[in-house]
Amino acid sequence: ANLKEILLIDDASSPPMSDYVTQAPDKAPVVVVRHNRRQGLVRSKAQGGLLARGDVIVFLDCHVRPMDNWLSPLLDHIGKNYRRIVVPVIPMLDGDTWKVDET
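As the structure is a computational prediction, the values presented were derived from the model and not from experiment.

1. Some details on the environment of R34
Mapped onto the secondary structure, R34 falls in strand 2 (residues 30-34). What makes R34 partly exposed here is its relative accessible area of 38%. Separated by 65 residues in sequence, R34 and K99 place their C-alpha atoms 29 Å apart. Setting aside its immediate chain neighbours within four residues, R34 contacts D10, A12, S13 and P16. Within the local environment of R34, its side chain forms a polar contact with the side chain of D10, the two groups lying 2.9 Å apart.

Have a look at this one:
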(Lines give C-alpha, C1' and ligand atoms only; values in the text may rest on other atoms or scores of the structure.)
Protein backbone atom coordinates (compact mmCIF):
# COMPACT_ATOMS: atom_id res chain seq x y z
CA ALA A 1 0.00 0.00 0.00
CA ASN A 2 1.25 3.46 -0.80
CA LEU A 3 1.06 6.28 1.70
CA LYS A 4 -0.33 9.49 0.30
CA GLU A 5 1.41 11.63 2.92
CA ILE A 6 2.76 11.72 6.44
CA LEU A 7 1.52 14.60 8.58
CA LEU A 8 3.56 15.47 11.63
CA ILE A 9 1.76 17.85 13.95
CA ASP A 10 4.44 19.46 16.11
CA ASP A 11 2.74 20.72 19.25
CA ALA A 12 5.33 23.42 20.05
CA SER A 13 8.04 20.91 20.92
CA SER A 14 11.55 22.07 21.75
CA PRO A 15 13.58 21.61 19.66
CA PRO A 16 11.17 21.62 16.69
CA MET A 17 10.38 18.21 15.21
CA SER A 18 11.32 19.46 11.74
CA ASP A 19 14.95 19.17 12.92
CA TYR A 20 14.51 15.38 13.01
CA VAL A 21 12.33 14.71 9.97
CA THR A 22 13.82 12.74 7.11
CA GLN A 23 12.28 11.46 3.90
CA ALA A 24 9.90 8.57 4.50
CA PRO A 25 11.21 5.21 3.25
CA ASP A 26 8.35 4.81 0.75
CA LYS A 27 8.82 8.34 -0.62
CA ALA A 28 5.61 9.68 0.90
CA PRO A 29 5.85 13.44 1.37
CA VAL A 30 6.33 14.48 4.99
CA VAL A 31 4.37 17.59 5.96
CA VAL A 32 5.25 19.25 9.27
CA VAL A 33 2.67 21.56 10.84
CA ARG A 34 4.07 23.40 13.84
CA HIS A 35 2.06 25.05 16.60
CA ASN A 36 3.62 28.19 18.06
CA ARG A 37 2.15 27.29 21.44
CA ARG A 38 0.92 23.98 22.83
CA GLN A 39 -2.56 22.95 21.74
CA GLY A 40 -2.67 19.52 23.36
CA LEU A 41 -3.19 15.99 22.05
CA VAL A 42 -6.85 16.24 21.07
CA ARG A 43 -6.56 19.52 19.16
CA SER A 44 -3.39 18.34 17.45
CA LYS A 45 -5.04 15.10 16.29
CA ALA A 46 -8.17 16.97 15.20
CA GLN A 47 -6.04 19.33 13.12
CA GLY A 48 -4.22 16.37 11.57
CA GLY A 49 -7.55 14.76 10.73
CA LEU A 50 -8.79 17.92 9.05
CA LEU A 51 -5.60 18.32 7.03
CA ALA A 52 -5.29 14.67 5.94
CA ARG A 53 -5.93 13.99 2.24
CA GLY A 54 -6.00 10.19 2.12
CA ASP A 55 -8.93 7.78 2.25
CA VAL A 56 -7.65 6.21 5.49
CA ILE A 57 -6.24 8.13 8.45
CA VAL A 58 -3.83 6.46 10.90
CA PHE A 59 -2.86 8.28 14.08
CA LEU A 60 0.51 7.38 15.60
CA ASP A 61 1.59 8.94 18.87
CA CYS A 62 5.18 9.84 19.70
CA HIS A 63 5.73 6.56 21.59
CA VAL A 64 4.76 4.37 18.61
CA ARG A 65 7.37 2.66 16.43
CA PRO A 66 5.83 1.04 13.34
CA MET A 67 7.37 -2.31 12.44
CA ASP A 68 8.04 -3.59 8.92
CA ASN A 69 4.81 -4.20 6.96
CA TRP A 70 2.68 -2.49 9.61
CA LEU A 71 0.22 -0.79 7.27
CA SER A 72 -0.91 -3.61 4.96
CA PRO A 73 -2.74 -5.68 7.63
CA LEU A 74 -4.61 -2.59 8.81
CA LEU A 75 -5.66 -1.70 5.28
CA ASP A 76 -6.74 -5.30 4.61
CA HIS A 77 -9.19 -5.13 7.52
CA ILE A 78 -10.47 -1.70 6.51
CA GLY A 79 -10.85 -2.95 2.91
CA LYS A 80 -13.24 -5.66 4.11
CA ASN A 81 -15.47 -3.09 5.81
CA TYR A 82 -14.69 0.60 5.43
CA ARG A 83 -16.68 1.45 8.58
CA ARG A 84 -14.21 -0.39 10.79
CA ILE A 85 -12.00 1.23 13.35
CA VAL A 86 -8.85 -0.86 13.33
CA VAL A 87 -6.41 -1.08 16.23
CA PRO A 88 -3.15 -3.01 15.84
CA VAL A 89 -1.53 -5.27 18.40
CA ILE A 90 0.84 -3.07 20.34
CA PRO A 91 3.91 -4.89 21.71
CA MET A 92 5.94 -3.58 24.62
CA LEU A 93 9.17 -1.87 23.57
CA ASP A 94 12.39 -1.57 25.53
CA GLY A 95 12.62 2.13 26.41
CA ASP A 96 16.37 2.24 25.77
CA THR A 97 16.63 0.30 22.51
CA TRP A 98 13.12 0.58 21.02
CA LYS A 99 13.27 -3.15 20.30
CA VAL A 100 10.30 -5.41 21.05
CA ASP A 101 10.51 -6.66 24.62
CA GLU A 102 9.93 -10.41 24.35
CA THR A 103 9.53 -10.94 28.12
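Text resumes after the structure shown.
2. Examining the environment of A12
Position of A12 among the secondary structure elements: in the loop between strand 1 (6-10) and strand 2. On a C-alpha basis, the gap between A12 and H35 in space is 5.0 Å, while along the polypeptide they are 23 residues apart. The residues touching A12, leaving out its near neighbours within four places in the chain, are R34, H35, N36, R37 and R38.

3. As for the pattern of salt bridges
Scanning all chains against the criterion turns up four salt bridges. Close ionic contact of E5 with R53 constitutes a salt bridge, the shortest N to O distance being 3.2 Å. With E5 in the segment before strand 1 and R53 in the loop between helix 1 (41-51) and helix 2 (71-80), the pair connects residues that are 48 residues apart, well separated along the chain. With a relative accessible area of 15%, E5 lands in the buried category. On the basis of relative accessible area, R53 is assigned to the exposed category, the value being 51%. Between R38 and D11 there is a salt bridge, with the nearest N and O atoms lying 3.7 Å from each other. Placement of the pair is R38 in the loop between strand 2 and helix 1 and D11 in the loop between strand 1 and strand 2, with a sequence separation of 27 residues. For D11, a relative accessible area of 12% corresponds to the buried category.

What counts and what doesn't
Going along each chain's sequence as written, the residues are numbered from 1 onward. Note on the predicted model: pLDDT of at least 70 is required for a residue's local features to be given, and 80 or more for side-chain atom pairs to be given and counted; whole-chain, interface and lining totals, by contrast, use all residues. With hydrogens and water stripped out, all remaining heavy atoms of the structure feed into the side-chain values. Only DSSP runs of H or I reaching four residues or more are called helices, and only runs of E reaching two or more are called strands; each is numbered from the N terminus. Only protein chains enter the calculation, and the probe is 1.4 Å; a residue is then buried if its accessible area is under 20% of its type maximum, exposed if over 50%, and partly exposed in between. Residue contacts are counted whenever heavy atoms from the two residues lie within 4.5 Å of one another. Think of a polar contact as two N or O atoms within 3.5 Å of one another; within protein, one of them needs to be a possible hydrogen donor and the other a possible acceptor, and neighboring residues in sequence only count if both atoms come from side chains. The term salt bridge refers to a side-chain nitrogen of Lys or Arg lying within 4 Å of a carboxyl oxygen of Asp or Glu.

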